[in-house]
Every structure is written in structure tokens, then in C-alpha cells.
2 protein chains.
Amino acid sequence: MNLKDLSDYLGLSQTTVSRALNGYPEVSEKTRKRVQDAAAAHNYRPNTRAKGLATGRTMSIGHVIPISARHEIVNPIFADFIAGAGEIYSKNGYDMHLTVVPDTDEARVYRDIASKGSVDGVIVHGPLQNDPRIKLLQDLGLPFAVHGRSGRGDEDYNWVDVNNARAFERATNFLIDLGHRRIALLNGNEKMDFAARRRLGYLTAHGARGLTHDPALMFSDEMTEHYGYASVLRALDHPSPPTAFLISSIISSIGARRALEERGLQLGRDISIITHDDELSYLKNGEDLPIFTATRSSVREAGRICAQMVLDVIANPTSPPQHRLLESDLTVGNSTGPAP
Amino acid sequence: MNLKDLSDYLGLSQTTVSRALNGYPEVSEKTRKRVQDAAAAHNYRPNTRAKGLATGRTMSIGHVIPISARHEIVNPIFADFIAGAGEIYSKNGYDMHLTVVPDTDEARVYRDIASKGSVDGVIVHGPLQNDPRIKLLQDLGLPFAVHGRSGRGDEDYNWVDVNNARAFERATNFLIDLGHRRIALLNGNEKMDFAARRRLGYLTAHGARGLTHDPALMFSDEMTEHYGYASVLRALDHPSPPTAFLISSIISSIGARRALEERGLQLGRDISIITHDDELSYLKNGEDLPIFTATRSSVREAGRICAQMVLDVIANPTSPPQHRLLESDLTVGNSTGPAP
DNA sequence: GTGAAAGCGCTAACAT
DNA sequence: ATGTTAGCGCTTTCAC
């Protein structure tokens with residue numbers, strides 16, 4: 001059932017039917033009602049492509065997901081973010097367009113997307129420090145918002161980010177307050193902006209307390225289970241091993257726990273860990289401690305905000321860039337204890 | 001740059017340019033070369049919507065992701081599956097179209113998708129037992145493939161699934177062989193087909209050994225961290241607590257471990273757990289044991305297979321339904337030990 | 001081997 | 001308040 005069929009059936013012109021359905025005021029209420037009923041009865045939906053062609057808007061937003069060629073991992077955070085963004089899109093009649101690319105030829109994909117005219121805007125995932133994609137998108141004139149940031153010069157594009165630096169500064173301080181002096185950092189890949197900021201927070205806390213950090217206890221890589229496992233073993237093999245671990249991801253945390261189990265170390269007694277993204281933090285102690293984890297639900301919220309941002313830019317292309325720095329909102333407390 | 005601009009520039013008709021670019025044989029090689037070079041130089045990409053309108057194919061596949069209204073969780077498995085599917089799509093010039101919906105109005109979304117003509121086919125995620133979506137899609141005549149299955153009568157649609165029943169049967173047997181007699185099952189929501197099959201495998205193993213299962217040790221819900229945490233605590237509070245846990249998801253496994261830590265139970269000594277989806281299984285013991293986990297990489301492979309299936313159906317709509325039952329391919333061994 | 005023209009399903013000026 | 005008409009950018013007959 002297309003517009004022509006429907007209008008033939010109703011004995012009206014396509015125009016009138018279209019107007020009735022799209023809420024134009026010049027249609028008589030009686031006609032509108034008749035049209036709407038018929039449309040509903042015949043399950044009519046305007047063809048998206050035709051509508052897009054005619055209006056010049058696609059009503060869809062692109063998400064480009066870079067995949068490391070090296071590892072078979074996709075950050076699970078992504079799923080929650082998508083869920084949040086999806087909510088906003090549905091609510092506004094938008095679709096979501098996903099492209100999965102090897103991180104090697106991302107630029108090409110953006111160019112494609114722009115010239116194929118398949119989306120009205122784009123969300124950038126997993127920004128690196130000084131990510132070239134941002135300039136590229138600006139040059140292409142494609143509306144976009146970034147989940148995260150990309151180094152300095154954050155003023156001239158739209159982004160939503162959590163305060164990673166502060167989160168890790170707080171977490172580190174918390175462990176220092178418990179008496180820990182050797183704190184290992186299992187960070188993400190520090191080419192990624194979020195990981196660089198986390199590292200910074202970790203270092204800031206050390207600096208403020210006059211503590212020196214030990215590079216041998218600082219790890220950086222894609223946050224797989226195996227990485228968590230292997231890094232913990234390496235840290236423990238250090239002549240002067242850490243008494244606490246600060247872990248960037250729940251997935252790596254599993255590997256880390258496995259390694260600690262193997263070494264017979266009991267959490268909260270022999271060793272402490274704090275894991276970012278760990279939803280369960282608040283369960284163990286109800287105390288109102290400072291906060292530093294970005295949980296699944298806050299990632300989802302970030303998705304909502306980010307999606308809304310692109311829609312805003314599309315609606316009003318000349319408005320100034322928007323920024324949102326989210327503070328995390330859960331309390332500390334996973335398997336942490338005083339230094340042994 | 002569109003077709004008209006390009007053909008004007010070349011002094012050719014749109015027809016010829018289109019033919020040259022789409023590999024039609026009647027174009028002279030000289031012209032073709034000239035056209036291709038110009039297209040590349042000007043970064044020309046045919047407009048997707050216009051092409052779609054003209055050909056009647058959208059070159060895009062829809063993925064509909066149901067979200068529980070109740071919980072803020074999205075199965076992380078999804079991300080890996082998407083990654084695999086995305087690879088296949090890119091390779092074949094297809095796009096991926098994502099719709100996130102509250103599980104309450106999924107049917108409407110499928111109807112929308114079908115009548116809006118925005119995709120050539122669909123992948124069904126997270127099938128329930130006797131999922132009504134399958135009949136709906138068959139009625140709508142939309143090509144589709146299911147990730148997973150949907151109860152009995154699996155013959156008349158396309159699916160890719162892992163052998164969940166066998167996986168859990170093996171895992172249970174493995175624990176029984178180690179001497180465990182009280183094995184708790186932390187299953188997913190048993191309305192979902194995969195969870196029902198896992199339960200079945202668990203029960204089959206008990207039945208074959210003449211053991212009775214204790215319903216008080218069998219849990220079923222969405223696989224959140226909190227669910228893992230709470231279920232383990234409940235199981236341990238049982239007058240006759242389990243000596244082992246079989247856990248359906250790595251996310252719940254984290255909660256479970258947290259609970260065990262709190263009770264001071266040491267894995268592999270006081271208590272055993274085996275977690276489905278745990279990538280690290282093979283690390284601890286190199287032994288060549290039977291296999292039962294679906295890992296991230298095999299989920300990715302499932303995504304590839306499933307995507308290829310829809311493309312096949314689209315290319316050849318009359319071909320008989322395809323089925324692929326994947327056996328899992330990693331060895332046992334996470335935090336398991338003999339019964340204490 | 002190349003081009004003119006119709007049409008995919010819709011919207012939006014421009015009538016009336 | 002309703003209809004006519006001309007596109008949106010492409011593919012595809014049909015003609016030369």
C-alpha cells in the first residue's frame with residue numbers, strides 16, 4: 001500500500017492525503033479523519049527512501065564502530081550507549097544506521113556516508129587523542145556529536161563525556177587513604193582519550209600526595225579478560241608487588257580476579273581492587289563515599305544525551321557546540337580494604 | 001556531486017555514466033575508464049535512497065533489539081554479534097539498520113519496517129520460546145534469520161544457534177564427575193529459548209546420573225550483576241548449600257564472585273564455578289577437556305553466519321531454510337575444583 | 001556504444 | 001480546502 005493506492009482508494013489526490021497525514025493545517029478535519037482512518041486500516045506507512053529523497057532528510061543517524069583488527073573484542077559499553085541513543089531516536093522518528101569498520105579505513109567510511117547521503121548526522125565512538133575524525137567531519141559538514149572527547153581544543157565540537165580524570169583521581173585517593181602505596185593501574189589503551197584521562201587522574205592523585213608512581217605497575221591495552229589476567233600476574237611478579245589494583249573495565253576485572261585466585265590472594269584482605277564500570281559497587285557498603293564509576297545505566301544516559309545533541313544540531317545547525325561532562329554517580333566499594 | 005553533475009562534467013548522459021559505474025557490458029572500456037577515474041577523482045557515491053527507490057532494494061538489513069523495560073541491561077553478547085554481522089554487510093555493500101524497542105511493542109516495529117520498506121531483511125535477536133515474531137515475519141514476507149531458535153518446529157525458518165543444551169549438559173556432567181552433588185544453576189530468563197535449553201541440559205545431566213535436582217538451587221532471571229550476587233547469597237543460605245555454581249553469563253558471574261568473596265569462600269577449594277561465555281576458560285588448565293562455552297569470538301562468528309544467511313535468502317528467496325547449530329569450542333576450566 | 005525518457009513513492013510550490 | 005505539477009537522484013526500458 002503506497003500513497004497512490006491510498007489516495008485512489010479514497011478518491012483524493014496524493015497531495016491531500018500526504019497533507020492530511022503530515023498534519024498540515026489546510027486540510028479539513030473531516031477529510032483528515034477519513035484519511036487517517038484509512039491509513040490505519042490499511043497499515044499504510046510512507047516509504048522512507050521516497051520521503052527522504054523528496055525532503056532531503058534521511059531521518060537517520062549513523063554510528064560508526066571501529067573494530068580493532070588485532071583483537072576480537074568489542075567494548076560492551078557500546079551496547080548500553082546504543083540502547084540509550086536508540087530510545088531518543090525512536091521518540092523522534094529517527095532510525096539508527098550502524099557501520100562496523102576495521103579501524104584502518106574509518107576515514108573512507110565517513111566520506112562514503114557523507115557523499116551517499118544516507119544519514120543526517122553521525123555519532124563518533126571511541127575517540128583517540130587528537131582524533132583526525134573530528135576535523136574530517138567538520139570538513140565534510142556532517143553534523144556530529146562525540147561520545148568522549150579528543151584531547152585538547154574541546155570547544156569547537158559537540159561532545160558528551162564522563163569525568164574520567166576525576167573518577168580515577170578519586171579512586172586512587174581512596175586507595176591511598178586506605179594506606180595503599182603501591183597501586184597498579186590496569187588502564188585501557190592510552191591512545192584512546194578516555195584512557196589518557198584516567199591515567200592523568202591516577203597520576204594527579206599520586207602527585208598531590210607526594211607519592212611517586214611506578215611505571216612498572218602501569219599497564220595499558222585493550223581491555224580484554226586476558227589482558228586483566230596477564231597484567232595482574234606480571235604486577236604480582238614485581239619484586240615489590242602492588243597491594244591494590246585500579247582496573248579500567250569490568251571485563252578485565254574478571255581476568256584480574258582469576259589471576260588473584262590462582263595466586264591464592266583474598267580480596268579485601270590480601271589485596272584490593274576497584275573496578276570502573278562495575279555496577280555492583282554500591283552493594284557492598286551502603287556508605288556515602290565519593291563516586292567514580294560510570295555504570296551501565298549512566299552510559300545509557302550518555303547515549304541519550306549524545307543522540308539528543310545530534311538531533312539538536314540537525315534542527316539548528318548554527319547553534320554553538322554543546323558539551324556535557326557527566327560526573328559519575330555511584331559510591332565506592334568493590335573488594336577494597338586497607339593495605340595489608 | 002551527483003550523477004547529473006558527473007555526467008555533465010564528462011559530457012555523457014546519466015545513463016552511460018550509470019552503466020559504466022555499475023559494470024554493464026555495453027560500455028566501451030575507454031569510456032568506462034574515463035568515467036571511473038572521474039568518479040574517483042570527485043569522490044562520487046551514488047545516493048543510497050535514490051538508488052533504493054529506483055531498484056526497489058534498500059541494501060540494508062534491520063536488527064531489532066528488544067529492551068526490557070524493567071532492567072537497564074543490554075546483553076553484551078549483542079555487541080560481538082553485531083560486529084560479526086557488520087563485517088559481512090560491509091563486504092557485500094549492505095548497511096545495518098538498528099531499532100531499539102521496548103519489548104512491549106516489537107510487533108509494531110516489524111510491521112513498520114516491513115511497510116516502510118526500509119530494509120531488505122531482518123535479523124531476530126533474543127528469541128523467546130514460541131516467539132510470535134517468527135510467524136509475524138513469515139506473514140509479512142520479510143526475509144529473516146534468527147540468532148537462536150524458538151522452541152520446537154525449528155524447520156521452517158533460518159536460524160543460527162549454539163548448542164546450549166549440550167553445553168550445559170557437559171558442564172553439569174563435568175561438575176558431577178568432580179564429585180559435586182549440589183550444583184546451583186544461575187540461568188538466564190527461562191522465557192528466552194536459550195535459557196530454556198540450558199536448563200534442559202542441566203536437567204538431562206542430573207537425570208542421566210540418577211541425581212535429583214533441587215529447584216531451590218535453580219535461578220532464572222535477566223543476567224545482571226546484581227542477580228548473580230543475590231542468587232549466590234540465597235543459594236548459600238540454603239540449609240544444604242551448593243558446592244558448585246553453573247552460571248549463564250559473565251556479567252552475573254562477577255556478582256556471583258563478589259558474593260562468594262563476602263562469604264569468605266575460596267574458589268577452586270571451597271566452591272566451584274563454571275561460567276558460560278567466559279573467554280578465559282582455557283587459560284587455567286591446558287588440558288583438552290570437553291567444551292561448553294560460547295565465547296565472544298564464537299558469538300562474532302555466529303553474527304557472520306547469521307548475516308550471510310539473510311543475504312542468501314534475499315538473493316534466493318525460494319531456497320529452503322538454513323540451520324546452523326554451532327558446537328562450542330573452548331575447554332573447561334574456570335575456578336573449578338573437586339567438591340570439598 | 002550511447003542517449004532520451006519514464007518512473008520508483010513521496011513532498012512542496014503553485015494553482016484553483 | 002483540494003488538485004496539478006515538478007522534482008528529489010537514480011535505474012532501466014526503449015530508440016538510435
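What counts and what doesn't
- Every chain is numbered on its own, with residues counted from 1 as its sequence reads.
- Working convention: letters from A go to chains and numbers from 1 go to ligands, in the order in which they are written.
- Confidence filtering applies because this is a predicted model: local features only for residues at pLDDT of at least 70, side-chain atom pairs given and counted only at 80 or more, and all residues used for totals across whole chains, interfaces and linings.
- Secondary structure elements are taken from DSSP: a helix is a run of H or I of four residues or more, a strand is a run of E of two residues or more, and numbering for both begins at the N terminus.
- Partly exposed residues are those falling between the two cut-offs: more than 12 but fewer than 20 other C-beta atoms within 10 Å of their own, whereas 20 or more means buried and 12 or fewer means exposed, with C-beta atoms placed from the backbone.
- Strand pairing requires that DSSP identify at least two bridges connecting the strands.
- Axis lines are fitted to C-alpha atoms, over the contacting stretch for helices. Their N-to-C directions set the angle, which ranges from 0 to 180 degrees.
- Throughout, a residue-residue contact means that the two C-beta atoms, derived from backbone geometry, are no farther apart than 7 Å.
- The superposition of copies rests on a least-squares fit of C-alpha positions from residues with pLDDT of 70 or more in both.
- Working definition: roughly parallel below 35 degrees, roughly antiparallel above 145 degrees, roughly perpendicular at 65 to 115 degrees, and oblique for all remaining angles.
- In this classification, Asp, Glu, Lys and Arg are treated as charged, Ala, Val, Leu, Ile, Met, Phe, Trp, Tyr, Cys and Pro as nonpolar, and every other residue, Gly included, as polar.
- Connectivity within a nonpolar core runs through C-beta atoms within 7 Å, and the core itself is a set of buried Ala, Val, Leu, Ile, Met, Phe, Trp, Tyr and Cys residues.
- Here, the arc refers to the directions that run from the helix axis to the C-beta atoms.
- All residues are tested the same way: a C-beta atom is placed from the backbone, and lying within 6 Å of a molecule or strand makes the residue near it.
- Where each domain begins and ends follows an automated or database-derived domain assignment.

K.L.:
Break down the overall build of chain A for me, with residues and values.
P.N.:
When helices and strands are tallied, chain A shows 13 helices and ten strands. Taken along the three principal axes of its C-alpha coordinates, chain A extends 85 × 40 × 35 Å. Counting every position in chain A, which comprises 340 residues, the buried fraction comes to 50%.

K.L.:
So what's going on with the sheet that holds strand 6 (residues 183-187) of chain A? Which residues, and what values?
P.N.:
Residue and element names in this part refer to chain A. The four strands lie next to each other as 7-6-8-9, forming an open sheet whose pairing is parallel. Either end of the sheet is taken by a strand with one partner, and the two such strands are strand 7 (218-220) and strand 9 (272-275). Each neighbouring strand pair of the sheet contributes to a mean axis angle of 10°, computed without reference to strand direction. Strand direction decides the pairing type here: strand 8 (residues 244-247) and strand 9, joined by four bridges, are parallel. Residue pairing in the sheet places alanine 244 in a bridge with serine 272 of strand 9. Set on the sheet, helix 8 (residues 164-177) makes contact with strand 6, strand 8 and strand 9; between it and strand 8 the angle comes to about 170°.

K.L.:
Quick rundown of the relation of the copies chain B and chain A? Include the residues and the values.
P.N.:
The operation relating chain B to chain A is a screw motion whose rotation component is 180°, with 0.0 Å of axial translation and a residual RMSD of 0.1 Å. Both copies of the chain, as the preceding transformation shows, are related through a two-fold rotation axis. Both copies present the same face, since 98% of the interface residues in chain B are matched by interface residues at the equivalent positions in chain A.

K.L.:
If you had to explain the packing of helix 1 (residues 3-10) of chain A against helix 2 (residues 14-21) of chain A to someone new, which residues and values would you point to?
P.N.:
Residue and element names in this part refer to chain A. Contact geometry for helix 1 and helix 2: axes closest at 9 Å, N-to-C directions at 105°. Classified by the angle their axes make, helix 1 and helix 2 are roughly perpendicular. Side by side, helix 1 and helix 2 meet where Leu3, Lys4, Leu6, Ser7 and Leu10 of the first sit next to Gln14, Val17 and Ser18 of the second. Residues that form the contact of helix 1 with helix 2 fall into these classes: four nonpolar, three polar and one charged.

K.L.:
Hey, could you go over the interface of chain B and chain A for me, with residue numbers and the actual values?
P.N.:
Where the parts come together, the accessible area they lose is often given as the size of the interface. Taken together, the 55 residues of chain B in the interface contact 55 residues of chain A. Counting only elements with at least two residues in the side of chain B that touches chain A, the list comes to helix 4 (48-55), helix 5 (77-91), strand 2 (95-102), helix 6 (106-116), helix 10 (225-236), helix 11 (250-262) and helix 13 (296-315) of chain B. For the side of chain B that touches chain A, the element with the highest residue contribution is helix 5 of chain B, accounting for eight residues. Split by residue class, the side of chain B that touches chain A holds 22 nonpolar, 17 polar and 16 charged. Inspection of the sheet shows strand 2 (residues 95-102) of chain A paired to strand 2 of chain B by three bridges, in the antiparallel sense. Within strand 2 of chain B, the position partnered with leucine 98 of chain A by the bridge is methionine 96 of chain B.

K.L.:
Describe in detail the nonpolar core, supporting the description with residues and values.
P.N.:
Judged by nonpolar contacts, the single largest core of 136 residues is most densely connected at Leu246 of chain A together with Leu246 of chain B. Setting aside residues no more than four positions away along its own chain, leucine 246 of chain B makes contact with Phe168, Ala171, Thr172, Leu175, Ile183, Ala184, Leu185, Leu186, Tyr202 and Ile274 of chain B. Counting residues in hydrophobic clusters, the runner-up holds ten residues, among them Ile251 of chain A together with Tyr227, Ile251 and Ile254 of chain B.

K.L.:
Would you mind going over helix 6 (residues 106-116) of chain A in detail, with residue names and values included?
P.N.:
All names here are of chain A. All buried positions along helix 6 are accounted for by Glu106, Tyr110, Ile113 and Ala114. Projected down its long axis, helix 6 shows its buried positions confined to an angular sector of 95°, all on one face. Elements in contact with the buried residues of helix 6: strand 1 (60-67), strand 2, strand 3 (121-124) and helix 7 (132-140). Looking one or two residues past helix 6, glycine 117 carries a phi angle of roughly 60°, positive in sign.

K.L.:
Summarise unusual backbone geometry; cite the residues concerned and give the values.
P.N.:
Residues and elements named next belong to chain A. For asparagine 43, which is not glycine, the phi torsion reads 60° and is therefore positive. Positionally, asparagine 43 belongs in the loop between helix 3 (29-41) and helix 4 (48-55). Note on asparagine 43: 11 C-beta atoms within 10 Å, which makes it exposed. With phi around 50°, asparagine 130 is a residue other than glycine that occupies positive phi space. Within the secondary structure layout, asparagine 130 lies in the loop between strand 3 and helix 7.

K.L.:
Provide a residue-level description of the pairing of strand 6 (residues 183-187) of chain B, including the pertinent values.
P.N.:
Residue and element names in this part refer to chain B. Of all five residues in strand 6, five are buried, a share of seventy percent or more. Side chains Ile183, Leu185 and Asn187 of strand 6 all project onto a buried face; the interleaved residues Ala184 and Leu186 project onto the opposite face, where all are buried too. The pairing of strand 6 with strand 8 (residues 244-247) spans four bridges and is classified as parallel. Paired with isoleucine 183 across the strands is alanine 244, a residue of strand 8. Pairing analysis gives three bridges linking strand 6 to strand 7 (residues 218-220), with the strands arranged parallel. The residue bridging asparagine 187 from the neighbouring strand is serine 220, located in strand 7.

K.L.:
Explain the protein's contact with DNA strand C to me, and be specific about the residues and the numbers.
P.N.:
Residue and element names in this part refer to chain A. Contacts to DNA strand C come from 25 residues, most closely from Asn2, Leu3, Ser18, Ala50 and Ala54. Broken down by element, the residue count for the surface near DNA strand C peaks at five residues, all from helix 4. Across the surface near DNA strand C, the residue classes break down as nine nonpolar, 13 polar and three charged.

K.L.:
Before we move on, can you summarise the sheet that holds strand 4 (residues 144-147) of chain A with the specific residues and values?
P.N.:
The mixed open sheet is built from twelve strands, whose spatial order is 10(A)-5(A)-4(A)-3(A)-1(A)-2(A)-2(B)-1(B)-3(B)-4(B)-5(B)-10(B). The two strands at the open ends of the sheet, each matched to only one other strand, are strand 10 (323-326) of chain A together with strand 10 (323-326) of chain B. Taking the axes of each pair of neighbouring strands and ignoring which way they run, one obtains an average angle of 20° across the sheet. Packed on one face of the sheet, helix 6 of chain A meets strand 1, strand 2 and strand 3 of chain A and runs near 170° to strand 1 of chain A. Sitting on the sheet, helix 6 of chain B touches strand 1 (60-67), strand 2 and strand 3 (121-124) of chain B, and the angle it makes with strand 1 of chain B is about 170°.

K.L.:
An account of the domain arrangement of chain A is needed here, citing residue identities and associated values.
P.N.:
Residue and element names in this part refer to chain A. Structurally, chain A comprises domain 1 (3-46), domain 2 (60-162 + 299-326) and domain 3 (164-298). Here the C-alpha centroids of domain 2 and domain 3 sit 28 Å apart. Those elements giving two or more residues to the side of domain 2 that touches domain 3 turn out to be helix 5 (77-91) and helix 13 (296-315). In terms of residue count, helix 13 provides more of the side of domain 2 that touches domain 3 than any other element does, four residues in total.

K.L.:
Now, about the protein's contact with DNA strand D: what can you tell me, with residues and values included?
P.N.:
Of all residues adjacent to DNA strand D, which total 25 residues, the nearest are Asn2, Leu3, Ser18, Ala50 and Ala54 of chain B. Taken together, the elements giving at least two residues each to the surface near DNA strand D come down to helix 2 and helix 4 of chain A together with helix 1 (3-10), helix 2 (14-21) and helix 4 of chain B. The element that contributes the greatest number of residues to the surface near DNA strand D is helix 4 of chain B, accounting for five residues. When the residues that make up the surface near DNA strand D are grouped by side-chain class, the tally is nine nonpolar, twelve polar and four charged.

K.L.:
Got a sec to walk through the environment of leucine 186 of chain A? Specific residues and values, please.
P.N.:
All names here are of chain A. Residue position: leucine 186 is located in strand 6. For leucine 186, a count of 27 C-beta atoms within 10 Å puts it in the buried group. With 34 residues separating them in the primary sequence, leucine 186 and serine 220 have C-alpha atoms 6.2 Å apart.

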